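Per-entry structural report
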Amino acid sequence: MIHSRVLGPAAGIPWRPVAALTSVGLLLLGVAATWTTSAVAGTALVVGVAALAAATAYVLDEAAAEAVGAAPTSLRRRSRSRLVVAGGVLGAGSVGVAALAVRSGLSARFGVMVWLTGCVLVAVAAAAALRRNVAEPGDAVGGALLTVVIALAVVNPLSRWVDVFPSEPDARWASSFVLWGGVGAICLAVLTRATRDPLD
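Residues numbered from 1 in each chain as written. Predicted model: local features only at pLDDT ≥ 70, side-chain atom pairs only at ≥ 80, totals over all residues. Heavy atoms only, no water.

Brief notes about the packing of helix α2 (residues 15-34) against helix α3 (residues 39-57)
Our working definition: Orientation is described by lines fitted to C-alpha atoms, with helices fitted over the stretch in contact, and by angles between N-to-C directions that extend from 0 to 180 degrees. Numbered from the N terminus, helices here are DSSP runs of H or I no shorter than four residues, and strands are runs of E no shorter than two. For this classification, under 35 degrees means roughly parallel, over 145 means roughly antiparallel, 65 to 115 means roughly perpendicular, and everything else is oblique. Take the far helix as the reference: if the near one is turned anticlockwise from it by less than a right angle, the crossing is left-handed, and if turned clockwise, right-handed. We call two residues in contact whenever any of their non-hydrogen atoms come within 4.5 Å of each other.
The N-to-C vectors of α2 and α3 enclose an angle of 160 degrees; their axes lie 7 Å apart at closest approach. It follows from the interaxial angle that α2 and α3 lie roughly antiparallel. Seen from above, α2 lies across α3 with left-handed handedness. Together, Val18, Leu21, Thr22, Val24, Gly25, Leu26, Leu28, Leu29, Val31 and Ala32 of α2 and Ala41, Ala44, Leu45, Val47, Gly48, Val49, Ala51, Leu52, Ala54 and Ala55 of α3 make up the contact between the two elements.

Some points on the packing of α3 against helix α6 (residues 112-130)
Any two packed helices are characterised by the angle at which their axes cross and by the distance between the axes. The condition is simple: When residues are sorted by character, Ala, Val, Leu, Ile, Met, Phe, Trp, Tyr, Cys and Pro go into the nonpolar class, Asp, Glu, Lys and Arg into the charged class, and all the rest, Gly among them, into the polar class.
Direction vectors running N to C along α3 and α6 enclose 35 degrees, while the axes themselves pass 8 Å from each other. Between α3 and α6 the crossing geometry is right-handed. Where α3 approaches α6, its residues Leu45, Val46, Val49, Leu52, Ala53, Thr56 and Ala57 are matched on the opposing element by Val112, Trp115, Leu116, Cys119, Val120, Ala123, Val124 and Ala127. By residue class, the composition of the contact of α3 with α6 is 14 nonpolar, one polar and no charged.

Notes on helix α8 (residues 173-194)
Counted only if it meets this: Here the expected span of a helix is defined as 1.5 Å times the quantity of residues minus one. Each residue is assigned to one of three classes by its accessible area relative to the maximum for its type, calculated with a 1.4 Å probe on protein chains only: buried under 20%, partly exposed between the two thresholds, exposed over 50%. Along the arc lie the directions from the helix axis toward the C-beta atoms.
Between the first and last C-alpha of α8 there are 31 Å, a value that for 22 residues agrees with the 32 Å anticipated at 1.5 Å per step. The complete set of buried residues in α8 reads Trp173, Ser176, Trp180, Gly184, Cys187, Leu191 and Ala194. Relative to the axis of α8, the buried residues are bounded by an arc of 95 degrees and lie together on one face. For α8, the exposed residues lying more than 90 degrees away from the buried face are Ala174, Val178, Ile186 and Arg193. Against the buried residues of α8 lie α5 (75-104) and α6.

Points about the nonpolar core
To keep it simple, the criterion reads: For our purposes a nonpolar core is just a set of buried Ala, Val, Leu, Ile, Met, Phe, Trp, Tyr and Cys residues, chained together by side-chain atoms within 4.5 Å.
Leu45, Val49, Val59, Trp115, Cys119, Val149 and Phe165 are the most contacted members of the largest nonpolar core, which has 47 residues in total. Secondary-structure elements contributing two or more residues to this core are α2, α3, α5, α6, α7 (138-155) and α8. Broken down by element, this core gets its largest block of residues, twelve residues, from α3. With near-sequence residues (within four places) excluded, Val49 lies in contact with Leu29, Val112, Trp115, Leu116 and Cys119.

Below, the structure written as C-alpha cells:
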C-alpha cells in the first residue's frame, strides 16, 4: 500500500525487466569503458545502449489497463509519471557514457548520448503508440528494438550516407546528429499524440 502511494501511477511498472535490462546495459557500457581499445568495446557499447533503450519500453506496460482506464487519473498524467522512470534509465546510461568518454580519453564519445537518447525516444514512442491496442507492449517493443539496433550495427545499410552509431572522433557526427534529431522529433510527436487522453 505504501509502495503504491509513494510511486503513484509508476507502481504498476514491471520492474523486473526494467531493472534487468538496465543492469545489462550499464554492465556493457562498463565493459566498453574498461577495454576501450578492444574490438569488443564497440559491440558492447551498441548492445548496451540497445539494452538500456529496451528497458524503457517496459515503463508504459499496464497489466490492469482496463481498471486503470476507469480511474480519475488521466492517461497523460499516468504516462508522465512512468516516463520519469524512463528518464532515470536515460540518466544512468548517460553517466555510463560519460565514464566511457573520460576513461577512453575521447571527448567525441560524449556524442553517444545523442543516439542513446534517440533510441530511448524510439522505445517509449513505439510503446505508447502500441499501448492503444496492447496493454503491455514492452516485450514486443523491447525485443524489436534490440533486434533492429543490433542489425543496423552489424549490417550498417546506411553507411554510404551516415554513421548511425558513431563513437570515434573521425566519424561523421554531423550527419548522425541530423539523423537522430529527425528521429527524436518524430518520436516526440508520436509520444505526445499517443499519450493524449481519448476525450481530449
